[in-house]
Amino acid sequence: MPDSQPQPPSSSNPSGSSGQPDPAALLLCGARLTDGRTVDVRLGGGRIEAVGTAGSLTPGPGRRGAARVDLDGYLLLPAPAEPHAHSDTALSAERPGPASYAPEDVQRRATEAALLQLGHGATALRAHVRVGDVQGLGALGAVLQARRSLRGLAELTTVAMPRLLTGVAGADGLAMLRDALKMGASVVGGSPDLDPDPTGYTEAVLEVASEHGCPVDLHTDAADPARLSRLAAMAGGLRPGVTLGPCAGLSRLPTEVAARLADQLAAAGVAVVCLPQGGCGGAERRGAAPVRLLRAAGVRVAAGSGALRDVSNPVGRGDPLEAAFLLASAHGLRPEDAYGAVSGSARAVLGLPEVRVEAGFPAELLAVRGDVLSGALSLAYSRLVVHRGRVVARTSAVREYCSSASTAEPGLPRQGRKELS
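Residues numbered from 1 in each chain as written. Predicted model: local features only at pLDDT ≥ 70, side-chain atom pairs only at ≥ 80, totals over all residues. Heavy atoms only, no water.

**Brief notes about the packing of helix α1 (residues 103-120) against helix α2 (residues 138-149)**
- At a closest axis distance of 8 Å, the pairing of α1 and α2 adopts a crossing angle of 45 degrees. On the basis of their axis angle, the class for α1 and α2 is oblique. At the point where α1 passes α2, the crossing takes the right-handed sense. Contact residues: P103, V106, Q107, A110 and T111 in α1; A139, A142, V143, Q145, A146 and S149 in α2.
- Residues of the contact of α1 with α2, tallied by class, amount to seven nonpolar, four polar and no charged. (Axes fitted to C-alpha atoms, helices over the stretch in contact; angles between N-to-C directions. Helix = DSSP H or I, 4+ residues; strand = E, 2+ residues; numbered from the N terminus. Parallel < 35°, antiparallel > 145°, perpendicular 65-115°, else oblique. Left-handed = near helix turned anticlockwise from the far one by under 90°. Contact = heavy atoms within 4.5 Å. Nonpolar A, V, L, I, M, F, W, Y, C, P; charged D, E, K, R; others polar.)

**Details of the sheet that holds strand β8 (residues 124-131)**
- Reading across the sheet, the eight strands line up as β7-β8-β9-β10-β11-β12-β13-β14 and stay open at both edges, with parallel pairing between neighbours. Strands at the two margins of the open sheet, each flanked by one partner only, are β7 (82-85) and β14 (301-303). Strand-to-strand, the axes of this sheet are offset by a mean angle of 25 degrees, without reference to chain direction.
- Taken together, the two bridges between strand β12 (residues 242-246) and strand β13 (residues 271-274) define a ladder with parallel strand orientation. Residue pairing across strands places L244 opposite V272, the latter belonging to β13. (Pairing = 2+ DSSP bridges.)

**Considerations on helix α6 (residues 255-268)**
- With 14 residues, α6 extends 20 Å between its outermost C-alpha atoms, agreeing within 8% with the 20 Å of an ideal straight helix rising 1.5 Å per residue.
- When α6 is considered as a whole, its buried residues turn out to be V257, A258, L261, A262, L265 and A268. Seen end-on, α6 carries its buried residues on one side only, within an arc spanning 135 degrees. Facing away from the buried side of α6, by more than 90 degrees, are the exposed residues T255, E256 and A267.
- Along its buried surface, α6 packs onto α5 (225-235), β12, β13 and α7 (291-297).
- Two residues or fewer past α6, G269 is found with a positive phi of approximately 75 degrees. (Expected span 1.5 Å × (residues − 1). Buried < 20%, exposed > 50% of the residue type's maximum accessible area, 1.4 Å probe, protein only. Arc of directions from axis to C-beta.)

**Description of the nonpolar core**
- Ranked by internal contacts, the top residues of the largest apolar core, which has 79 residues, are L244, L250, L265 and L294.
- Among the nonpolar cores identified, the runner-up in size contains 22 residues, and L26, V357, F361 and L365 belong to it. (Core = buried A, V, L, I, M, F, W, Y, C linked by side-chain atoms within 4.5 Å.)

Pasting the structure below:
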């Protein structure tokens, strides 16, 4: 069986080149691209400096050496991003009772969860954090502290999620939301479905976002056509943009109703983040949004992981490549489109620049053992993650088989082989 062991980031020189390399320079050698080419890629200053045929690139002018990483047998891709994480409750399912909101516990879980997802390849994450109620602003402060501790490894941004924003109780939530933005939350969010006045809740969120020039990211099951239609009408034209998720309720509506709503979302410029690995609410909201219907209408569809081993999904993996695998295997997307949902589309939802394996683009990359994208999504065990031009995570997997009982060698495919007792 595959045995994946995360390894800490290393500045070692796998290819054995000598000299003191410039820490800002990195040569990725012999990587395979999705178009079939085998290339060398030179990184510097957090960007891709050059892409050339294998063996053609040097460290660059003024550099006596550069760290070299041998990527023979690896597929090189733009790094994924995680557009829908719950850092405040992540990794809390193992302990009985409600998740602890003690700041030190939240910070520890948020940091560990981000590193786990970084190991999978996500160099940027958007964390939805509850504010108000019992936790006040403590959980947000803890996630922001985790963000600071992760600087240089991954980009973590936060969405402030108040429970209520209307009525007498909502006044406190509205004040808390504004305080959260002052603390450092960069996105306005929440769950309109949980407020007695979902339309009023949405209006309040959009007003605060407009005041602060923030994007909006709202949780909704999208099971109420009239409510979703009103939300799309209110969100149209808001910049820097509105994202909804997980919208699993759309898949339970009649096809013609869902198609009409998809057209309205597309016209309003609203993006949808689906959660193919499982929702982040109760069992009654499981399932995934109708991604093919949404894409056909022109809606930008990204895919996230949602709950990561909390009460909503005790076995959540937080793996963007698993999300892409499910989009391809269960929803019928081409592997390229499925991976685009966790990379290019996810980065666009987060407001991040596009990444291509071409000169001039950000050096946010994922190398996965494999020759083609479909194979990488199927058996993505070994991975190397690059953030800002630096290797920040590495996972190696070795598959071993025992010797055959047959006299004739069966020629089994293998990475390694030894006697197993």
